[in-house]
Amino acid sequence: MHDAPTLDLLALLPQEWRSALAPHLDPARTASLAGFVADEYATRTVFPPVEDLFSAYRLCPPADCRVLILGQDPYHRAGQAHGLSFSVRDGVAMPPSLRNVFKELSADLGIPRPTSGNLCGWAAQGVLLLNSVLTVREGSPGSHANRGWEEFTDATIRVLDALESRVVFLLWGGYARRKAALVTNPRHVVLEAGHPSPMNPRGFLGSRPFSTANKALADAGRPTVDWERTAG
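None of these values were measured; they are calculated from a predicted model.

Student: Just to check I follow, could you spell out helix α5 (residues 96-109) for this structure?
Tutor: Since one α-helical turn is 3.6 residues long, residues separated by three or four positions face the same way. Under the 1.5 Å per step criterion, the end-to-end length of α5 is 20 Å for 14 residues, consistent within 8% with the ideal 20 Å. Those residues of α5 that fall on the buried side of the exposure criterion are Ser 97, Leu 98, Asn 100, Val 101, Phe 102, Glu 104, Leu 105 and Asp 108. On the buried face of α5, the contacting elements are α6 (120-123), β5 (168-172) and α9 (209-219). Just past α5, the residue Gly 110 takes up positive phi, approximately 70°.

Quick look at the structure:
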């Protein structure tokens, strides 16, 4: 009989995030999630690759976070997901939702649409590109929902809500917008819009999230984001 695969999720996190998240997480629930995720990686094709699982956290320490962009779950096709919501690596075709994000970016700020879908440059500026569910089975969107990731990412929002400096929360689509209730600190700003998916023709395009986020940051004396600098 083979031992069940194990994965210590908290050990994979950068130290700053591990310390910040631990008080908000139920150890038994986290262990259950870790067991499920370890088994899925061992027996299925799961995205993103395990080495990219916490890319968003590695690139954006809690103290540096200025903006949160919350997605639902990772892209579920090979080569797309690399641990940042909406982002794909250089050379990977842009998914439709990301094309709409860039369409709105161009309309909002008048800058050329990026040619690469890699958003590491945003992450390096303090934009936490987080999905509510951090893993997915190949070809099966939503397959890792309701296994414990939601509590994990809710805890992340609570960590950001407790920060002294303003954070702008960009919540796109019904799933993300339900998280608005977790932001209770009046110094922060929540900007809600429809999901950028082309299947949702209204509610995202025209919402001007990038200029509005920068105004909210500037109003609080925080540096704005150079949204044109998408690449790392």
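There's plenty left to go through after this.
Student: Honestly, the side chain of Thr 153 in this entry has me stumped. Any pointers?
Tutor: Relative to the helices and strands, Thr 153 is located in helix α7 (residues 149-161). The class of Thr 153 is buried, set by a relative accessible area of 1%. Here Thr 153 is in contact with Tyr 57, Leu 130, Asn 131, Ser 132 and Leu 134, once residues within four sequence places are set aside.

Student: Any chance you could explain the pairing of β5 here in plain terms?
Tutor: A regular strand places its side chains so that they alternate between the two faces of the sheet. In terms of residue burial, β5 counts as a mostly covered element, since five of its five residues are buried. A two-sided burial pattern is seen for β5, the buried positions comprising Val 168, Leu 170 and Trp 172 on one face and Phe 169 and Leu 171 on the other. Pairing analysis gives four bridges linking strand β2 (residues 67-71) to β5, with the strands arranged parallel. Paired with Leu 68 across the two strands is Phe 169, which belongs to β5. Of the strand pairs in this sheet, β5 and strand β6 (residues 189-193) are connected by five bridges, and their pairing is parallel. Looking at β6, one finds that Phe 169 is bridged to Val 190.

Student: Can you walk me through the packing of α5 against α9 in this structure?
Tutor: The description of two packed helices rests on the angle between their axes and on the distance between the axes. Where α5 contacts α9, the two axes come as close as 7 Å, and the packing angle between them is 60°. Here α5 is positioned oblique relative to α9, judged by the angle of their axes. Here α5 contributes Val 101, Glu 104, Leu 105, Asp 108 and Leu 109 to the contact with α9, which in turn contributes Pro 209, Phe 210 and Ser 211. Residues belonging to the contact of α5 with α9 are distributed by class as follows: five nonpolar, one polar and two charged.

Student: Which parts of the structure should I look at to understand the UniProt feature "active site" (unreviewed entry) in the protein?
Tutor: Residues annotated by UniProt as "active site" (unreviewed entry) correspond here to Asp 73. In this structure, Asp 73 is in contact with Asn 131, Val 133, Val 136, Pro 141, Gly 142 and Ser 143, ignoring residues within four places of it in sequence. Here the side chain of Asp 73 touches Gly 142 through a polar contact of 2.6 Å, landing on its backbone nitrogen.

Conventions we followed
- Residues numbered from 1 in each chain as written.
- Predicted model: local features only at pLDDT ≥ 70, side-chain atom pairs only at ≥ 80, totals over all residues.
- Heavy atoms only, no water.
- Helix = DSSP H or I, 4+ residues; strand = E, 2+ residues; numbered from the N terminus.
- Expected span 1.5 Å × (residues − 1).
- Buried < 20%, exposed > 50% of the residue type's maximum accessible area, 1.4 Å probe, protein only.
- Contact = heavy atoms within 4.5 Å.
- Pairing = 2+ DSSP bridges.
- Axes fitted to C-alpha atoms, helices over the stretch in contact; angles between N-to-C directions.
- Parallel < 35°, antiparallel > 145°, perpendicular 65-115°, else oblique.
- Nonpolar A, V, L, I, M, F, W, Y, C, P; charged D, E, K, R; others polar.
- UniProt positions renumbered as here; feature names shortened; annotations may be inferred.
- Polar contact = N/O pair within 3.5 Å; in protein donor to acceptor, adjacent residues only side chain to side chain.

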